[in-house]
Amino acid sequence: MAKVTFITLYDKGCLGARYISSLLKKEGHRSSIVYLGRHEGKIKNKKDSFTRGDNLWVGVNEYGEDLIRSYSDPINDKDIGILLDLLKRQNPDIIGFSLRTMFLDTAIYLAGRIRKELNTPIIYGGIAATSEPDRCIRYADMVCIGEGEYSMLELARRIDSGRPLSDITNIWLRRGSDIYKNTVAPLEQDLDKFPFPDYDPRDKFSIQNSRLIEDDPSIGNMSKFTYEIVTSRGCPF
């Protein structure tokens, strides 16, 4: 039984990690998800109203006006300390980052901090890894390109059995200066093969405002009475 910990940045929905987590659990492995960073957005009309370090989403509202959504709280040293303590307590076999492109620099920094404390392989996945695998593989031990359910399941199985990891479909592996670039499988057409996303509040951790909350931020008292659902595979935008 392999143990996998996923880290998501400013993304309480993180359907990719939830789908993979659910499949891993179904097949007998252990999986947990850590939600790092505040999820609450702030609507503003001027960029200069934000402090340096804010991550901005810029768009237009239904009235044609500028709409800026900011994840306003940068991840600080105390947040990282809480994360490192949690990872040491969990002692996973692999740490996975589910990434959007705008948070790749943050993930690169966090991976460096994690490496100073733990000798655990790190894998990047999500749209950032699929879009920029050559950059991602410089900072992670592995990169998952495209859909991750079958690849992460096979990775967990091989870690559990001690078999080589260098030829898993959809995964690039870095060993020293050597990079093993495996082929990308076609997209799964029968989505009923996958279990529903993992919304079990157990094994969910949220780090917000420099404190650890053992709960899923998408449900319960943290959700503000909202529930998100996506009716298509992948990013709807």
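Only a predicted model underlies this, so the values are computations on that prediction, with no experimental measurement involved.

A word on the overall build of the chain. Along the chain, the regular secondary structure elements total six helices and 12 strands. Taking all 237 residues of the chain together, 47% fall into the buried category. Put simply, of all contacts in the chain between residues at least 6 apart along the chain, 63% involve residues at least 24 apart. Of the roughly 12800 Å² that the chain leaves accessible, carbon and sulfur atoms contribute 50%.

On to the packing of aromatic side chains, then. What describes a pair of aromatic rings is the distance from one ring centre to the other and the angle between the planes of the rings. Scanning the entire structure with this criterion turns up three aromatic pairs. Ring centres 5.6 Å apart and planes at 85° place the aromatic pair Phe97 and Tyr124 in the edge-to-face group. Here the residue Phe97 occupies a position in strand 6 (residues 94–99), and Tyr124 occupies one in strand 7 (residues 122–126), the gap between them amounting to 27 residues. Consider the rings of Tyr150 and Phe194, whose centres lie 5.3 Å apart with planes at 55°: the pair is tilted. Taken together, the residues span a long stretch of sequence, with Tyr150 in helix 6 (residues 149–161) and Phe194 in the loop between strand 10 (178–181) and strand 11 (204–208) at a distance of 44 residues. Of the residues examined, Tyr150 reaches a relative accessible area of 42% and is grouped as partly exposed.

Note that soluble globular proteins tend to have their nonpolar side chains buried in a common cluster. Ile7, Leu9, Phe97, Ile114 and Tyr124 are the most contacted members of the largest nonpolar core, which totals 35 residues. Looking at this core, the elements with two or more residues in it are strand 1 (3–9), strand 2 (30–36), helix 2 (77–90), strand 6, helix 3 (104–117), strand 7, helix 4 (127–131) and strand 11. The contact partners of Phe97, leaving out residues within four places of it in the chain, are Ile7, Ala107, Leu110, Ala111, Ile114, Ile122, Ile123, Tyr124 and Gly125. Membership of the second largest hydrophobic core comes to 22 residues, among which are Ala17, Tyr35, Ile94 and Leu165.

Let's shift gears to the pattern of salt bridges. When the charged atoms of two side chains with opposite charge come close together, those side chains can pair. According to the stated counting rule, one finds 16 salt bridges in the structure shown. Between Lys88 and Glu117 there is a salt bridge, and its shortest N-O distance comes to 2.9 Å. Remark: Glu117 occurs in helix 3 and Lys88 occurs in helix 2; sequence separation between them is 29 residues. Taking relative accessible area as the criterion, Lys88 reaches 42% and is therefore assigned partly exposed.

Our focus in this paragraph is helix 3. Between the first and last C-alpha of helix 3 there are 20 Å, a value that for 14 residues agrees with the 20 Å anticipated at 1.5 Å per step. Within helix 3, the full set of buried residues consists of Leu104, Ala107, Ile108, Leu110, Ala111, Arg113 and Ile114. Packing partners of the buried residues in helix 3 comprise strand 1, strand 2, helix 2, strand 6, strand 7 and helix 5 (133–136).

The end-to-end C-alpha distance of helix 6, which contains 13 residues, comes to 18 Å, matching closely the 18 Å that a straight helix rising 1.5 Å per residue would cover. Among the residues of helix 6, Glu149, Ser151, Met152, Leu153, Glu154, Leu155, Ala156 and Arg158 are the ones counted as buried.

Below, the discussion takes up the packing of helix 1 (residues 15–26) against helix 6. For the pair helix 1 and helix 6, interaxial distance at closest approach is 9 Å and the crossing angle is 45°. The pairing of helix 1 with helix 6 is recorded here as oblique in orientation. Crossing angle aside, the handedness with which helix 1 passes helix 6 is right-handed. Facing Tyr19, Ile20, Leu23 and Leu24 of helix 1, the residues of helix 6 in contact are Glu149, Tyr150, Met152, Leu153 and Ala156. Residue classes in the contact of helix 1 with helix 6 are distributed as eight nonpolar, no polar and one charged.

Looking at the element boundaries, Glu149 is found in helix 6. Note on Glu149: relative accessible area 4%, which makes it buried. Aside from chain neighbours lying at most four places away, what touches Glu149 is Tyr19, Ile20, Leu23, Phe194 and Arg233.

Where a strand is regular, its side chains alternate between the two sheet faces. Among the seven residues in strand 2, six count as buried, and that is most of the element. In terms of strand pairing, strand 1 meets strand 2 through seven bridges, oriented parallel. What sits directly across from Thr8, in strand 2, is Tyr35. Regarding the hand of the β-α-β motif, the stretch spanning strand 1, helix 1 and strand 2 is right-handed. Where strand 2 lies against strand 11, four bridges are found, and the strand directions are parallel. Considered in strand 11, the bridge of Tyr35 is made with Ser206.

Cut-offs and rules
Residues numbered from 1 in each chain as written. Predicted model: local features only at pLDDT ≥ 70, side-chain atom pairs only at ≥ 80, totals over all residues. Heavy atoms only, no water. Helix = DSSP H or I, 4+ residues; strand = E, 2+ residues; numbered from the N terminus. Buried < 20%, exposed > 50% of the residue type's maximum accessible area, 1.4 Å probe, protein only. Contact = heavy atoms within 4.5 Å. Areas by Shrake-Rupley, 256 points an atom, 1.4 Å probe, with all protein chains shown as cover. Phe/Tyr/Trp six-rings, centres within 6.5 Å; stacked < 30°, edge-to-face > 60°. Core = buried A, V, L, I, M, F, W, Y, C linked by side-chain atoms within 4.5 Å. Salt bridge = Lys/Arg side-chain N within 4 Å of Asp/Glu carboxyl O. Expected span 1.5 Å × (residues − 1). Axes fitted to C-alpha atoms, helices over the stretch in contact; angles between N-to-C directions. Parallel < 35°, antiparallel > 145°, perpendicular 65-115°, else oblique. Left-handed = near helix turned anticlockwise from the far one by under 90°. Nonpolar A, V, L, I, M, F, W, Y, C, P; charged D, E, K, R; others polar. Pairing = 2+ DSSP bridges. Right-handed = clockwise from strand over helix to strand, strands pointing away.

Purely geometric stuff here, so don't read any function into it on its own.
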